[in-house]
Amino acid sequence: MFRAVSRLSATASRNLVQSRAGYSAPLASRCYSHGKVESDEEFDARWVTYFSKPDIDGWELRKGMNTLIGYDLVPEPKIVDSALRACRRLNDLASAIRILEAVKDKAGPHKDIYPYLIQELRPTLTELGISTPEELGIDRM
Amino acid sequence: MLHLTTGRVGSLLAQRVTAALTSSSVRMASHGHEVAANEDLSQPMYWDSTNVPLPDRRYKVTLSSEDERLKQKEKGPWDQLSKEEKLALYRLSFSQTFSEMNQPSAEWKTVVGTIFIFLGLTGLIVWWQKVYVFPKPPRTFDDEWQAKQLQRMLEMRMNPIEGISSKWDYEKGQWK
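Residues numbered from 1 in each chain as written. Chains lettered and ligands numbered in written order. Predicted model: local features only at pLDDT ≥ 70, side-chain atom pairs only at ≥ 80, totals over all residues. Heavy atoms only, no water.

K.L.:
Just to check I follow, could you spell out the overall build of chain A for this structure?
P.N.:
When helices and strands are counted, chain A shows seven helices and zero strands. Starting at the N terminus, the α and β elements of chain A follow one another as α-α-α-α-α-α-α. In chain A, buried positions account for 42% of the 141 residues. Restricting the contact set of chain A to residue pairs at least 6 apart, pairs at least 24 apart contribute 59%. Of the roughly 7,900 Å² of accessible surface on chain A, 58% is carried by carbon and sulfur atoms. (Helix = DSSP H or I, 4+ residues; strand = E, 2+ residues; numbered from the N terminus. Buried < 20%, exposed > 50% of the residue type's maximum accessible area, 1.4 Å probe, protein only. Contact = heavy atoms within 4.5 Å. Areas by Shrake-Rupley, 256 points an atom, 1.4 Å probe, with all protein chains shown as cover.)

K.L.:
I'm lost on the UniProt feature "transmembrane region" (unreviewed entry) in chain B in this one. Help?
P.N.:
Residues annotated in UniProt with the feature "transmembrane region" (unreviewed entry) correspond here to residues 110-128 of chain B. Segment residues 110-128 of chain B splits into 100% helix and 0% strand. End C-alpha atoms: 27 Å apart. (UniProt positions renumbered as here; feature names shortened; annotations may be inferred.)

K.L.:
Explain the interface of chain B and chain A here, please?
P.N.:
Interface size is commonly expressed as the accessible area that is lost once the parts come together. The partner chain A presents 30 residues to the 31 residues of chain B that form the contact. Across the chain B to chain A interface the summed buried area is about 2,500 Å²; carbon plus sulfur atoms make up 61%. Broken down residue by residue, the surface that chain B buries against chain A is led by Leu54(B), Trp78(B) and Lys86(B), which jointly contribute 30%. Between the two partners, chain B and chain A, sit one salt bridge. For Arg98(A), the salt bridge goes to Asp48(B), with nearest N and O atoms at 3.2 Å. Linking chain B with chain A are 18 residue pairs in polar contact (both at pLDDT 80 or more), by the criterion used here. Breaking the side of chain B that touches chain A down by element, the ones donating at least two residues are helix 3 (83-93) and helix 4 (98-101) of chain B. Counting residues per element, the side of chain B that touches chain A draws most heavily on helix 3 of chain B, at six residues. In terms of residue class, the side of chain B that touches chain A is made up of 14 nonpolar, nine polar and eight charged. (Buried area = accessible area lost by both parts, 1.4 Å probe. Salt bridge = Lys/Arg side-chain N within 4 Å of Asp/Glu carboxyl O. Polar contact = N/O pair within 3.5 Å; in protein donor to acceptor, adjacent residues only side chain to side chain. Nonpolar A, V, L, I, M, F, W, Y, C, P; charged D, E, K, R; others polar.)

K.L.:
Would you mind going over the pattern of salt bridges with me for this structure?
P.N.:
A pair can form between side chains of opposite charge whenever their charged atoms are brought close. The full count for this structure, using the stated rule, is 17 salt bridges over all chains. We note a salt bridge from Asp44(A) to Lys78(A), for which the minimum N-O separation is 3.3 Å. Of this pair, Asp44(A) sits in helix 2 (residues 40-51) while Lys78(A) sits in helix 4 (residues 77-89), placing them 34 residues apart in sequence. Take Lys78(A): its relative accessible area is 46%, and that puts it in the partly exposed class. With its nearest N and O atoms 3.5 Å apart, the salt bridge here joins Glu39(B) to Arg57(B). With a gap of 18 residues between them, Glu39(B) in the loop between helix 1 (6-21) and helix 2 (65-74) and Arg57(B) in the loop between helix 1 and helix 2 connect regions that are remote in the sequence. With a relative accessible area of 25%, Glu39(B) lands in the partly exposed category. Note on Arg57(B): relative accessible area 26%, which makes it partly exposed. Residues joined in a network through salt bridges with shared partners are Asp81(A), Arg85(A) and Glu127(A).

K.L.:
Is there a simple way to explain helix 5 (residues 93-107) of chain A in this structure?
P.N.:
Working note: α-helix, 3.6 residues per turn, so residues spaced by three or four point in the same direction. Residues and elements named next belong to chain A. With 15 residues, helix 5 should cover 21 Å at 1.5 Å per step; its first-to-last C-alpha distance of 22 Å lies within 8% of that length. All of the buried residues along helix 5 are Leu93, Ala94, Ser95, Ala96, Ile97, Arg98, Ile99, Leu100, Glu101, Ala102, Val103 and Ala107. The backbone nitrogen of alanine 94 has a side-chain oxygen 3.5 Å away, supplied by the residue at the start of helix 5, namely aspartate 92. Just downstream of helix 5 lies glycine 108, where phi reads positive at about 60°. (Expected span 1.5 Å × (residues − 1).)

K.L.:
Looking at this model, I keep getting lost on the side chain of Ser99(B). Mind explaining?
P.N.:
Structurally, Ser99(B) is set in helix 4. At 3.3 Å, the side chain of Ser99(B) forms a polar contact with the backbone oxygen of Asp139(A). Other than its neighbours up to four places away in sequence, Ser99(B) contacts Glu101(A), Ile138(A), Asp139(A), Arg140(A) and Met141(A).

K.L.:
Help me understand unusual backbone geometry in this model?
P.N.:
Backbone phi values are negative for most residues with the exception of glycine, while trans is the configuration of most peptide bonds. Residue and element names in this part refer to chain B. With a phi angle near 55°, arginine 157 is a residue other than glycine that sits in the positive phi range. By the secondary structure assignment, arginine 157 is in the loop between helix 6 (143-155) and strand 1 (168-169). Non-glycine residue asparagine 159 carries a positive phi angle of around 50°. Relative accessible area serves as the criterion here: at 47%, asparagine 159 is assigned to the partly exposed category.

K.L.:
Would you explain a nonpolar patch on the surface in this entry?
P.N.:
Residues Leu124(B), Trp127(B), Trp128(B), Val131(B), Tyr132(B), Val133(B) and Phe134(B) make up a contiguous nonpolar surface patch of roughly 840 Å² in combined accessible area. Residue Val131(B) is classed as exposed on the basis of its relative accessible area of 53%. (Patch = residues over 30% accessible without salt bridge, like charges linked within 9 Å, V, L, I, M, F, W, Y side chains within 5 Å.)

Here is the structure:
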């Protein structure tokens, strides 16, 4: 409760200036009583950059994905896209499919998020030749 | 349905305790958990978890020549892989899919059943205690004493407004 109040006071002026059109991906930053709060765009950019590292290794991919899945949000399509391309650089199709399963699982009861994600990722999926879990039939028992 | 006698429940529990105390990756096979041999916990491990989608290592460590060939093919364009090949690659790296992981099990039935068994046993023990251990209750518990006690309470008009005496009809000599 206190965190929310102080956050409001610290960022009130900023929020008045910035008006968000829609509700994008939920904020994954901590509510400090002071200090800068990372915006959604900054968060996304940071993660896209992380997975875009040309010589990313398997450990970094796994660490990145496991951390990202630990957050209370469904990653934006551009982050997943970056991660899938990292899988391609690592010649790891299994992980690419696993990532798709994981983001679907993250959406939980919100059944409309995953189809949107796939719709946004469709060009990348066809480009890289990644089959979705549904296409492989592993989305059900 | 499991027909568990006391003896089998005992050995079942002994198994669970031993399993819990030994290697953390050992599980009872009776509820669909896969049983792993004693694993070296200091090495990168594989485990299925929706919280950790990409574990430390691939599931299948030793690959056949067939698998090696597939891994080589994986280095090329993925649209050249058939659905079966893609599935095979998935299963090389992972044991269970997310849907398999999220399958409910029937373990709750065993748990609830065992609870009831123990409650039942406790009930039997308490009953045996009543018959063989507890001394005779004081005479104030006898029906005759209780009736006289109640009579005395009513005669002295105990709790006449809201309590016991208010429920007694003194004219008719019966409960209201």
